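Each chain, letter by letter, is given below.
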Amino acid sequence: MKERIIFHIDVNNAFLSWTAVALLKKGYKIDIRTIPSIIAGDEQKRQGIVLAKSPIAKKYGIKTAETIYQAKKKCPNIQIFSPDFKIYYEQSKNLFNYLKQYSPLIEQFSIDECFLDMTGTNYLYKDYLKLADKIRTEIYNLFGFTVNIGIGNNKLCAKMASDFEKPDKVHTLYKNEIEQKLWPLDVEDLFMCGKKSKIILNNLNIYTIKDLAYFDSKTLEKYFKNQAKYLKEAAWGIDYSKVETTKTSKNQSISISETLPFDMLDKEKIKEVLFRQIQEITRELRQKKLFARTIAIIYKNKNFVSYTAQTKLNNPSDNTSEIFKVLIKLFEKSFKNEPIRLIGIRLTDLQKTKEKQISIFDTNLEEKENSKIEKTMDKINNKFGKSLVAPASLKIIGISNSKNKYKK
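Owing to the predicted nature of the structure, the values given are computational and were not obtained by experimental measurement.

(A) Inspection of the nonpolar core at higher detail. Counting residues in each nonpolar core, the largest one holds 74 residues, and the members touching the most others are Phe 7, Leu 99 and Ile 139. In this view, Leu 99 contacts Ile 9, Ile 106, Cys 114, Leu 116, Ile 135 and Ile 139; residues no more than four positions away in its chain are not counted. If you look at the next biggest cluster of nonpolar residues, it comprises 24 residues, including Leu 156, Ile 178, Leu 182 and Ala 228.

(B) View of the packing of aromatic side chains. Taken as a whole and assessed by the stated rule, the structure comprises 20 aromatic pairs. Centre to centre, the rings of Trp 183 and Tyr 214 are 5.4 Å apart; their planes meet at 70°, and the pair counts as edge-to-face. You can see Trp 183 sitting in the loop between helix H7 (178–182) and helix H8 (194–203) and its partner Tyr 214 sitting in the loop between helix H9 (209–213) and helix H10 (217–224), a full 31 residues away along the chain. The exposure class assigned to Trp 183 is buried, which follows from its relative accessible area of 6%. The class of Tyr 214 is exposed, set by a relative accessible area of 56%. An aromatic cluster is present here, built from Phe 15, Trp 18, Phe 85, Tyr 88, Tyr 98, Tyr 102, Tyr 125, Phe 143 and Phe 145 joined pairwise through their rings.

(C) Representation of the sheet that holds strand E5 (residues 106–110). The five strands lie next to each other as E5-E6-E1-E7-E8, forming an open sheet whose pairing is mixed. Every interior strand has two partners, whereas the edge strands, E5 and strand E8 (170–173), have only one. The mean angle between the axes of side-by-side strands here comes to 20°, regardless of whether they run parallel or antiparallel. Sheet strands touched by helix H4 (residues 85–99): strand E1 (6–11), E5 and strand E6 (113–117). Its angle to E5, the strand with the most contacts, is close to 155°.

(D) Spatial organisation of the sheet that holds strand E2 (residues 37–40). Ordered in space as E3-E2-E4, the three strands form an open sheet in which the pairing is mixed. Strands at the two margins of the open sheet, each flanked by one partner only, are strand E3 (50–53) and strand E4 (79–81). Across this sheet, the average inter-strand angle for adjacent strands is 30°, counted without regard to direction. Sheet topology places E2 next to E3; three bridges connect them, and they run antiparallel. Each residue of the ladder has a partner; that of Ala 40, found in E3, is Val 50. With respect to the sheet, helix H1 (residues 14–25) is in contact with E2, E3 and E4, its orientation differing from that of E2 by roughly 105°.

(E) Region of the structure containing the confidence of the model for the chain. Per-residue confidence for the chain averages 84 on the pLDDT scale, and 83% of its residues sit at or above 70. Every residue in residues 357–369 is under pLDDT 50, and counting partners more than four places away or in other chains gives six contacts. For residues 375–390, every residue scores under 50 in pLDDT, and the model assigns this stretch 29 contacts once sequence neighbours within four places are set aside.

(F) Quick look at helix H12 (residues 267–287). Compared with the 30 Å implied by 1.5 Å per residue over 21 residues, the 30 Å span of H12 between its first and last C-alpha is a close match. Counting buried residues along H12, 17 of its 21 residues qualify, which places the element largely inside the surrounding structure. Between the side-chain oxygen at the start of H12 and the backbone nitrogen of Glu 268 there is a gap of 2.9 Å, and the oxygen is on Asp 266. Positioned one or two residues after H12, Lys 289 has a phi angle of 55°, which is positive.

Rules and cut-offs
Residues numbered from 1 in each chain as written. Predicted model: local features only at pLDDT ≥ 70, side-chain atom pairs only at ≥ 80, totals over all residues. Heavy atoms only, no water. Core = buried A, V, L, I, M, F, W, Y, C linked by side-chain atoms within 4.5 Å. Buried < 20%, exposed > 50% of the residue type's maximum accessible area, 1.4 Å probe, protein only. Contact = heavy atoms within 4.5 Å. Phe/Tyr/Trp six-rings, centres within 6.5 Å; stacked < 30°, edge-to-face > 60°. Helix = DSSP H or I, 4+ residues; strand = E, 2+ residues; numbered from the N terminus. Pairing = 2+ DSSP bridges. Axes fitted to C-alpha atoms, helices over the stretch in contact; angles between N-to-C directions. pLDDT = per-residue confidence, 0-100. Expected span 1.5 Å × (residues − 1). Polar contact = N/O pair within 3.5 Å; in protein donor to acceptor, adjacent residues only side chain to side chain.

See below:
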């Protein structure tokens, strides 16, 4: 059995770095990574939360998720920049498309990090540390931002390794390095442990990951129940999960999903994400000359609990406006009004013909006109960039109260 080799690539300070790169391209004279600066929402709309901070801002004690008001008290001359998720998604896709040349097995873990399964590529790459350093350097030269890369024998260890020291570093955490590199760390540093778990663990005299590794399993179960098994295995660097690619190899379904940059509860913002996703996924439908009958929404909440909801169209369709209208109704019915960290769309029951039942009064003139319009938009978007133009009808379907920056 081949030994698994997994890379975890994580963009350093993604939102601030990506904003800095975009501003410099526009002719901005200062690299905001070198001054006290933050990326934050609109203070007037109760969205004045710090999403990212520069290294200098961090020295002032500014923390992610605190308010702009708190940040200003710590650093009165802090420079504030609004997030631009259109730029972030573009940068993210550019990065992941670049990484595909090294392995087709790529799993997007969030907007700014992913896993690469490099297992079995030792005949191509003799030294994975040198390869990771090459990738790290190329990313900076091509895109202007830095990444950390962690290498391990599974996803957990690769993820942990990429967090060891930042920024712009490569680290390893192989199974023979667990005792040396993982066990001395504070138990809170264990992936998915968190502050609340740390309090309980500390009360049990568990302070390091090594303490957790040797702690009695049955006692741990009394306090953590189902999570106890994960904590115990993680402390030993054990993880069997596969690198899951999001692309489907057959035409049985087409899906798109993404981990959101932060836990979202705002329905209008979620609809904007669905709006962008439906444009992309229906364009893929038309490119494959397929029609979808069933639409599903995929959710994952902040506690990593997944749930789905689906509905059927009256007739199979590849029409963006038609599918989006049904999707929004499904969303309104299925959303549980809880913060979500991942959302996606899956189209199933795909077929090559429309097989629409028509009445003697149905001329299909409007449908044919819509089809022409969408094919024209596909040509424009394929040539100049995804979601550059969108059907005007989408403006009034579900997102009329939001500023849709994906539509021009």
